[in-house]
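This is what each chain is made of:
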Amino acid sequence: MVTLIEIPIYNRNIIVGSDCTCAEYTEWIKTTLECGDSIDTILDTVNELFADDRSYKASTVNMQNAGLLLHFRDKSPGVVAHEVFHIAHAVLDDAGVRLSFKSDEAFAYLIEYLVTEICEGLK
């Protein structure tokens, strides 16, 4: 299953895959996203990082023109939280927000939103 999660306030998307093969993930990208000339780079990256014979619990890659690509093999709460932190850091870093005591509330709200959306999508 592949799901698109939008982060409207930061104009970013996350493409979440779980219980799917690398081929199913790349097929979803080819038929759903409008990536223009960068589609081959995106598909090459997905085929390398999300390869069916590669061992990982979850993996995230930031493809600026496609969004954040996320693939789960292990959907346990700790793994979801781990990947969501990477995503929140990437999104807020792109927006110029650095993690500090002054910005931690922005991180907390984004992490809460992402965990909720991803967990709903994984059901």
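Residues numbered from 1 in each chain as written. Predicted model: local features only at pLDDT ≥ 70, side-chain atom pairs only at ≥ 80, totals over all residues. Heavy atoms only, no water.

Before going further, it helps to spend a moment on the overall build of the chain. Each helix and strand in the chain was counted, giving four helices and four strands. Ordered by position from N to C terminus, the α and β elements of the chain give β-β-α-α-β-β-α-α. Over its C-alpha atoms the chain spans a radius of gyration of 14 Å, differing by no more than 12% from the 14 Å that the globule rule assigns to 123 residues. Judged by the C-alpha coordinates and their principal axes, the chain covers about 40 × 35 × 20 Å. Buried residues in the chain amount to 41% of all 123 residues. (Helix = DSSP H or I, 4+ residues; strand = E, 2+ residues; numbered from the N terminus. Rg over C-alpha atoms; globule rule 2.2 N^0.38 Å. Buried < 20%, exposed > 50% of the residue type's maximum accessible area, 1.4 Å probe, protein only.)

Our focus in this paragraph is the pairing of strand β2 (residues 12-18). Counted residue by residue, β2 has six buried out of seven residues, so it is predominantly covered. Of the strand pairs in this sheet, strand β1 (residues 2-7) and β2 are connected by six bridges, and their pairing is antiparallel. Across the sheet, the residue bridging to Thr3 is Val16, located in β2. Hairpin connection between β1 and β2: a loop of four residues separates the two successive antiparallel strands, and Asn11 in this loop has a positive phi of roughly 50°. In terms of strand pairing, β2 meets strand β4 (residues 67-72) through five bridges, oriented parallel. Paired with Ser18 across the strands is Phe72, a residue of β4. (Pairing = 2+ DSSP bridges.)

This next bit is on the state of the cysteines. One pass over the structure, following the stated rule, counts zero disulfides. Free of any disulfide, Cys22 has its nearest neighbouring cysteine sulfur in Cys20, separated by 8.4 Å. Given a relative accessible area of 6%, Cys22 falls into the buried group. Unpaired in this structure, Cys119 has its nearest cysteine sulfur neighbour in Cys20, at a distance of 17 Å. (Disulfide = S-S within 2.5 Å.)

The next point concerns helix α2 (residues 39-49). Every buried residue belonging to α2 is among Ile42, Leu43, Thr45 and Val46, and all of these are buried. Angular distribution of buried residues about the axis of α2 spans 160°; they occupy a single face of the element. Turned more than 90 degrees away from the buried face of α2 sit Asp40, Asp44 and Glu48, all of them exposed. Taken together, the buried residues of α2 touch α1 (22-32), β3 (58-63) and β4. (Arc of directions from axis to C-beta. Contact = heavy atoms within 4.5 Å.)

The subject of this paragraph is the sheet that holds β2. The strand order β1-β2-β4-β3 describes an open sheet built from four strands, whose pairing is mixed. Two strands lie at the open edges of the sheet, namely β1 and β3, each paired on one side alone. Neighbouring strand axes in the sheet, compared pairwise and without regard to direction, differ in orientation by 15° on average. The strands that α2 touches are β3 and β4; relative to β3, the one it contacts most, it runs at about 160°. Sheet strands touched by helix α4 (residues 104-122): β1, β2 and β4. Its angle to β1, the strand with the most contacts, is close to 155°. (Axes fitted to C-alpha atoms, helices over the stretch in contact; angles between N-to-C directions.)

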